[in-house]
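Overview (structure and organization)
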Amino acid sequence: MAQTSREKIVFTWQGSDKNGRKIQGEINAESLPLARIALSKQGVIAKKIRKKPKPLFSSGSKKIKPQDVAIFTRQLATMAKAGVPLVQAFDIVAEGTEHDRMRKLIRDIRSDVSSGTSLAVALNNHSEYFDSLFCSLVDSGESSGTLEIMLDRIATYKEKTEALKAKIKKALTYPTAVVVVAVVVTVILLVKVVPTFAETFRSFGSDLPAFTLFVLRISEAMQEWWFIVFLCSLAAGYGFVIARKRNQKFADAVDAAMLKLPVLGSVVHDAVIARFARTLSTTFAAGVPLVEALQSTAGAAGNAIYAYAILRVKDDVSGGMALNLSLRSTGLFPNMLIQMATIGEESGSLDDMLGKVADHYEAAVDNAVDSLSSLLEPMIMSILGVLIGGLMIAMYLPIFMLGSVI
């Protein structure tokens, strides 16, 4: 049974070399005595060694994100291509990361592999980070003796997939942030500013405009019920997230609505097509049979509407129908994808053709995101004008009317 190595600690040291010159640095060791021994072997006369303190806002306790997995995959692929043994590659990657949870995950996988477990099985033991598609591709690489090639393909796939997700988040973050800030400012005005105007209006001794009265009523309600409104908003947001996770019909309806959104709908559509083409290209190039590749692709589609369509395509293909005909029958996939699939099937280069489709739609998403800010600016300015400008008009309207009477 292989002995599990202890977690290494980072030590900072100060000392001198053989020539008496003062030097300092850091070293990884399992304990302070072992750090002294390691420095002595390097010809360092250590005068002060201590455990490196963790920064106040350390990133080590953060959750492991898909981007972390993508970086780990690329590092592992690079090591494998360089001929570094797998267990040693895990040690190198683990020592190079400052993410505590990621380091522990890598060491756990390393421990399994060093004890004789296959890499695919070791990764599958951590399925919350490595999905079935990832594990099946690694298993295919191990079975065919092309693990380094497969790891490189997986790394490229993960990098492009995460880049695509980042672009979608970028597209959604700006308008969402502006709307949220506008709502917060509006609530502050209703709770803090409008009551000040209300005190002034009481001394006018005349009827107020209907619009001003409407805003004053909203302000009074907000002052009395703002905490309830805040809790209800949180509950609604939490309920939306839970309902999408647990209610498949609700999740399907949300995915369908995302595709119909103005401006953003086309970005979501192109992202789904790019993800479909990239996943199918990667799995098919890895030697996975087309039917199994379609099954994996459906799970990685990122949209329930297209996931169901891909499963229908899988059933058609398993029944003997050509891929391009099945894609056309769904009515969801663009003509470019269908034509490229047709060429790929006829020429025997389906993975290359799908890769080109993925490149095209990833570029389309990139361009759409870059121009999205200018497209959404009129809509955002309209929202800000209605919320903030409307409140200001309602507050100053009685003053203007009083001035005209005088």
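Residues numbered from 1 in each chain as written. Predicted model: local features only at pLDDT ≥ 70, side-chain atom pairs only at ≥ 80, totals over all residues. Heavy atoms only, no water.

**A short note on the overall build of the protein chain**
Worth spelling out the cut-off: Labels follow the DSSP assignment, with helices taken as runs of H or I lasting at least four residues and strands as runs of E lasting at least two, numbered in each case from the N terminus. Note on exposure labels: buried denotes an accessible area under 20% of the residue type's maximum, exposed denotes more than 50%, and partly exposed covers the range between, all computed with a 1.4 Å probe on protein chains only. By definition, residues are in contact when any of their heavy atoms lie within 4.5 Å. Computed with a 1.4 Å probe, the accessible areas rest on the Shrake-Rupley method; for each residue, only the protein chains presented here act as cover. This count recognises Lys and Arg as positive and Asp and Glu as negative, with His and chain-terminal groups excluded. One atom stands in for each charge, and that atom is NZ of Lys, CZ of Arg, CG of Asp or CD of Glu.
Along the backbone of the protein chain there are 15 helices and 3 strands. Projecting the C-alpha coordinates of the protein chain onto the three principal axes gives extents of approximately 95 × 75 × 35 Å. Buried residues in the protein chain amount to 37% of all 406 residues. Long-range contacts, defined here as pairs at least 24 residues apart, represent 60% of the contacts in the protein chain between residues at least 6 apart. As displayed, the protein chain offers around 23000 Å² of accessible surface, 60% of which is attributable to carbon and sulfur atoms. When the 44 positive and 38 negative side-chain charges of the protein chain are each reduced to one mean point, those points stand 9 Å apart.

**Describing a nonpolar patch on the surface**
The line we're drawing: Residues forming no salt bridge and having over 30% relative accessible area are the ones grouped into patches, like charges within 9 Å of each other and nonpolar side chains (Val, Leu, Ile, Met, Phe, Trp, Tyr) within 5 Å. Basic side-chain nitrogens of Lys or Arg form a salt bridge, by our definition, when they fall within 4 Å of a carboxyl oxygen of Asp or Glu.
Among the surface-exposed residues, Trp225, Trp226, Phe227, Ile228, Val229, Phe230, Leu231 and Leu234 lie close enough to one another that they form a single nonpolar patch of about 800 Å² accessible area. With respect to the secondary-structure elements, Trp225 resides in helix α8 (residues 210–246). The class of Trp225 is partly exposed, set by a relative accessible area of 46%.

**Regarding the packing of aromatic side chains**
Definition in use: Aromatic pairs are defined between Phe, Tyr and Trp rings, using the six-membered ring for Trp, whenever the two ring centres lie within 6.5 Å; interplanar angles under 30 degrees are classed as stacked, those over 60 as edge-to-face, and all others as tilted.
Evaluated as defined, the whole model comprises 6 aromatic pairs. Note on Phe72 and Phe130: the rings are 6.1 Å apart at their centroids and 65 degrees apart in plane angle, and the pair reads as edge-to-face. A residue pair is termed long-range when its members are at least 10 positions apart, and Phe72 in helix α2 (residues 66–81) and Phe130 in the loop between α5 (119–124) and α6 (132–144) qualify at 58 residues. Taken together, Phe72, Phe90, Phe130 and Phe134 form an aromatic cluster joined through their ring pairs.

**A few points about the pattern of salt bridges**
All chains considered together, the criterion is met by 10 salt bridges. In this structure, the salt-bridge partner of Arg278 is Glu362, at a minimum N-O distance of 3.0 Å. Within this pair, whereas Arg278 is found in helix α10 (residues 264–285), its partner Glu362 is found in helix α15 (residues 350–405), the two being separated by 84 residues in sequence. Each member of the salt-bridge network shares a partner with another, and the members are Arg74, Asp152 and Glu159.

**Digging into α2**
Convention followed: By definition here, a helix of n residues has an expected span of 1.5 Å times n minus one.
Here α2 is 16 residues long and its end C-alpha atoms lie 23 Å apart, about the 22 Å a rise of 1.5 Å per residue gives. Those residues of α2 not exposed but buried are Val69, Ala70, Phe72, Thr73, Leu76, Ala77 and Met79. Just beyond α2, the residue with positive phi is Gly83, at close to 85 degrees.

**So, the pairing of strand β2 (residues 22–29)**
Defined as follows: Here, a strand pair is defined by DSSP locating no fewer than two bridges between the strands.
Taken together, the 8 bridges between strand β1 (residues 9–16) and β2 define a ladder with antiparallel strand orientation. Residue pairing for β2: Gly15 is matched across the bridge by Ile23. Hairpin connection from β1 to β2: 5 residues lie between these consecutive antiparallel strands, with Gly20 at a positive phi of about 85 degrees.

**Some details on the environment of Glu128**
Along the chain, Glu128 turns up in the loop between α5 and α6. With 64 residues separating them in the primary sequence, Glu128 and Ile64 have C-alpha atoms 9.8 Å apart.

**Quick word on the sheet that holds strand β3 (residues 45–51)**
What counts here: Here, axes are lines fitted to C-alpha atoms. For helices the fit covers the stretch in contact, and angles between N-to-C directions go from 0 to 180 degrees.
The sheet built from 3 strands is open, its strands ordered β2-β1-β3 with antiparallel pairing. The sheet is open, and its two borders are formed by β2 and β3, each paired with just one other strand. The sheet shows a mean angle of 25 degrees between the axes of neighbouring strands, direction not considered.

**Points about a positive patch on the surface**
A cluster of basic side chains, namely Lys63, Arg101, Lys245 and Arg246, defines a positive patch on the protein surface. Assignment of secondary structure puts Lys63 in the loop between β3 and α2.

**Describing the packing of helix α3 (residues 86–96) against helix α4 (residues 100–114)**
This is how the line gets drawn: Angles below 35 degrees are treated as roughly parallel, those above 145 as roughly antiparallel, those between 65 and 115 as roughly perpendicular, and all remaining angles as oblique. Two helices cross in a left-handed way if the nearer one is turned anticlockwise from the farther one by less than a right angle. They cross in a right-handed way if the turn is clockwise. Any residue that is not Ala, Val, Leu, Ile, Met, Phe, Trp, Tyr, Cys, Pro, Asp, Glu, Lys or Arg is counted as polar, Gly included; the first ten are nonpolar and the last four charged.
One can describe the packing of α3 onto α4 by two numbers: an axis separation of 9 Å at closest approach and a directional angle of 170 degrees. Classified by the interaxial angle, the pair formed by α3 and α4 is roughly antiparallel. Of the two elements, α3 crosses α4, and the hand of that crossing is left-handed. On α4, the residues touching Leu86, Val87, Phe90, Asp91, Val93, Ala94 and Glu95 of α3 are Arg103, Ile106, Arg107, Ile109, Arg110, Val113 and Ser114. By residue class, the composition of the contact of α3 with α4 is 8 nonpolar, 1 polar and 5 charged.

All we've got here are geometric facts, nothing functional implied.
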